[in-house]
Amino acid sequence: MIKYFLPPFIIDSLSFLNSFFVNLLLLPKIWKNSKLKNSKKGKSVYVIANGPSLNNFDIPSIYGKEVIVMNNFNLSEWKDKVSIVAHCIGEPKSSTHWGKDQIEIMSDTNSSSYWFHISNAKEVESSNLSFNKNCYYVSSIIPPGLWNLNREINLSCSTLGYQTTAQLSIMVALHLGYKEIFLIGFDHDWLSNRNISPHFYKERDGVRKADLSIFPYFELINMSQRMWRIYMKLKSSSIKSGSRIINLSIPTFLDVFDNN
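Summary of the structure given here.

Calculation notes
Residues numbered from 1 in each chain as written. Predicted model: local features only at pLDDT ≥ 70, side-chain atom pairs only at ≥ 80, totals over all residues. Heavy atoms only, no water. Helix = DSSP H or I, 4+ residues; strand = E, 2+ residues; numbered from the N terminus. Expected span 1.5 Å × (residues − 1). Buried < 20%, exposed > 50% of the residue type's maximum accessible area, 1.4 Å probe, protein only. Salt bridge = Lys/Arg side-chain N within 4 Å of Asp/Glu carboxyl O. Phe/Tyr/Trp six-rings, centres within 6.5 Å; stacked < 30°, edge-to-face > 60°.

## Side note on helix α4 (residues 165-176)
An α-helix turns once every 3.6 residues. As a result, residues three or four positions apart point the same way.
Logical step 1: Between its terminal C-alpha atoms α4 stretches 16 Å, which fits the 16 Å expected from 12 residues at 1.5 Å a residue.
Logical step 2: Counting buried residues in α4 gives 12 out of 12 residues, a clear majority hidden from the surface.
Logical step 3: Looking one or two places after α4, you find Gly 177, whose phi comes out positive at around 95°.

And the structure:
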C-alpha cells in the first residue's frame, strides 16, 4: 500500500487535515472537558487495561483506590470495589469495534465520567441513558509526527491522536492532573500472541474479540510502530506536566515508561 512508502510526516499531515475538517463542527462539545482539567492534581491513579497480566497483580491492594478503566471492564468481578473516575471507550464511529453495545457497556459501571471519541457524540446523546450528563468527548486529530514534545495533554481542545483506548485512558489521566499514573494490565504482546484475544476477565458470548490475526504481520508491525510513537509522545507530555507514568504490568512489552 502507498502509505508504507510515504514519509511519516506526509501521512501525519494528510491525516490531520482530514480529521480537522471532519470534526470542526463538533469541537464546541469538547470545551466541556475544561471543567475537569487538573481536577485531580497531585493525586495518584491506576489505569487498568484488560490484559491477562492483570491476574498477576495484587488486586485487593487497589480496592477503594481511584482507577480509570476501559472497554469491557464491566465484566470484572471486582468492578464495584474500586473508585472508577473514568470509563473510556475510544473507538471512533468508523471503527468496526464500535456499536451500540459499547454504550450499554458504559451503563454497567458506576463511574464519575465516561469518555468517547467525538464522532460518537450524537449517538451517545440520543441514547437517553442516565449517565449522559457525565459523558465527555475527545477530538484526537493531531498525529504523533506533528505533536510538539513540550506540549501538555489538554482534552479541552484538539489533542494527540490515539490508536487504542489504553492510550486515551492515559490522556484522560493526564488531563485530570494526576501526578502518579500506574499502568496495570498493559501486556501489549499481540506481535508474539497474534491469534488469541486474551483478557483478565472471563470471556462470554457477545464480547468483541481483539483478534489481530486478520491483519498481515507486516501491517501489525507498522501499527505497533505508530502505537509506540504515540506512547513516547505521551511520556514527553507527562514530563512536561510534572506527572510520572509507571508501568506495573508483568509481563509486558510496553517498555516506554518506568517500571518502578
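Read on, since the account is not over.
## Topic: the pattern of salt bridges
Logical step 1: A complete count under the given rule lists five salt bridges for this structure.
Logical step 2: The partner of Glu 66 in a salt bridge is Lys 40, with the nearest N and O atoms 3.2 Å apart. Here Glu 66 is found in strand β2 (residues 66-70), whereas its partner Lys 40 is found in the loop between α1 (8-23) and β1 (44-48), with 26 residues between them in sequence.
Logical step 3: With a closest N to O distance of 3.0 Å, Arg 244 and Asp 258 form a salt bridge. Highlighted residues: Arg 244 in strand β9 (residues 244-247) and Asp 258 in the segment after β9, separated in sequence by 14 residues.
Logical step 4: A residue is classified by how much of its surface remains accessible, and Arg 244, at 35% relative accessible area, is partly exposed.
Logical step 5: Judged by relative accessible area, which is 33%, Asp 258 ranks as partly exposed.
Logical step 6: The network of salt bridges with common partners includes Lys 40, Lys 43 and Glu 66.

## A closer look at the packing of aromatic side chains
Logical step 1: Applying the stated rule across the entire model yields seven aromatic pairs.
Logical step 2: Residues Phe 73 and Trp 78 carry aromatic rings whose centres are separated by 5.3 Å and whose planes lie at 80° to one another, so their mutual orientation is edge-to-face. Here Phe 73 matches Trp 78 in class, with each residue buried.
Logical step 3: An aromatic cluster is present here, built from Tyr 46, Phe 57 and Phe 182 joined pairwise through their rings.

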